[in-house]
Amino acid sequence: MAGLGTGMAPFRAFIEERAVLKMQGAKVGPMTLYFGSRHRAMEYLYGEELEAYHADGLLTNLRLAFSRDQKEKVYIQHRMRDDSELLASQMLGQDGCFYLCGPTWPASDVKDAMVGAFTAIGGVKPSDANKVIETLKESERYILEVY
C-alpha cells in the first residue's frame, strides 16, 4: 500500500481490519505500507498507531518518505526502488496486491518503481513489464485511487 498525505485514510481501515482478524485468531500475511508527506512533525497521519502496528508485527514493513525534512527530497517511489526485492517477492512471488491512494502526480513514478522491481529482481523482460502491470490491474491487484 502507498498512502500519500490524506490518502493514508483508507489504509488505516485495511490495517484495523487485519488487526481484528488477527485478534480473532486468523492468520494474516505480510503487509507493507509506504507513507509519504512533506513533514513528519506536521503530517505523519496516524503515526503513533502505525508505529504500534509495526512494532506488533501486523504491519510488516513501514516505509516512510517525508520529502521536506532533509535537503534532498525523498518520495515513496524512492523507498519503493530501495525495496525492489521486497516488491518483486510480494507482487510476483506471493500474489500480493498494491494500492495507491493520494494525488495523481506520483502515479507514473510509482509505476516505474514497480516495473523496475519486476525487471531487475523479478525476472520480467523489460518489454513485458507494462503487460504485467496491466494484468495486475485487470485482476484488481494493482489499484490506483488518485485525486
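As the structure is a prediction and not an experimental result, all values here were calculated from the model. (Residues numbered from 1 in each chain as written. Predicted model: local features only at pLDDT ≥ 70, side-chain atom pairs only at ≥ 80, totals over all residues. Heavy atoms only, no water.)

A.B. asks: Explain helix 3 (residues 47–56) to me, please; I cannot follow it from the model alone.
C.D. replies: Each full turn of the α-helix corresponds to 3.6 residues, which orients residues three or four apart in the same direction. Looking at helix 3, one finds that the buried residues are Gly-47, Leu-50 and Tyr-53. Relative to the axis of helix 3, the buried residues are bounded by an arc of 130 degrees and lie together on one face. In helix 3, the exposed residues that point more than 90 degrees away from the buried face are Glu-48, Ala-55 and Asp-56. Buried residues belonging to helix 3 abut helix 1 (9–23), strand 2 (32–37) and strand 3 (61–66). The positive-phi residue at the C-terminal boundary of helix 3 is Gly-57, with phi of around 90 degrees. (Buried < 20%, exposed > 50% of the residue type's maximum accessible area, 1.4 Å probe, protein only. Helix = DSSP H or I, 4+ residues; strand = E, 2+ residues; numbered from the N terminus. Arc of directions from axis to C-beta. Contact = heavy atoms within 4.5 Å.)

A.B. asks: Help me understand the pattern of salt bridges, please; the structure alone is not making it clear to me.
C.D. replies: Pairing between side chains of opposite charge can happen when the charged atoms of each approach one another. Inspection of the entire model under this criterion finds eight salt bridges. Of the charged contacts in the structure, one is a salt bridge between Glu-16 and Arg-12, with a shortest N-O distance of 3.4 Å. Taken together, the residues span about one helical turn, with Glu-16 and Arg-12 both in helix 1 at a distance of four residues. According to the relative accessible area criterion, Glu-16 is partly exposed, its value standing at 32%. A salt bridge links Glu-49 to Arg-12, with the nearest nitrogen and oxygen atoms 2.7 Å apart. Of this pair, Glu-49 sits in helix 3 while Arg-12 sits in helix 1, and the two are 37 residues apart along the sequence. On the accessibility criterion, Arg-12 (27% relative accessible area) is partly exposed. Through salt bridges with shared partners, one network takes in Arg-12, Glu-16 and Glu-49. (Salt bridge = Lys/Arg side-chain N within 4 Å of Asp/Glu carboxyl O.)

A.B. asks: Would you mind going over the packing of helix 5 (residues 84–93) against helix 6 (residues 107–120) with me for this structure?
C.D. replies: Packed helix pairs are characterised by how far apart their axes lie and by the angle those axes make with each other. Running from N to C, helix 5 and helix 6 cross one another at 85 degrees; their axes reach a closest spacing of 8 Å. Classified by the angle their axes make, helix 5 and helix 6 are roughly perpendicular. Along its contact with helix 5, which presents Ser-84, Leu-87, Ala-88, Met-91 and Leu-92, the element helix 6 presents Met-114, Ala-117 and Phe-118. Its residues assigned to classes, the contact of helix 5 with helix 6 shows seven nonpolar, one polar and no charged. (Axes fitted to C-alpha atoms, helices over the stretch in contact; angles between N-to-C directions. Parallel < 35°, antiparallel > 145°, perpendicular 65-115°, else oblique. Nonpolar A, V, L, I, M, F, W, Y, C, P; charged D, E, K, R; others polar.)

Read these as geometric descriptors, not functional statements.
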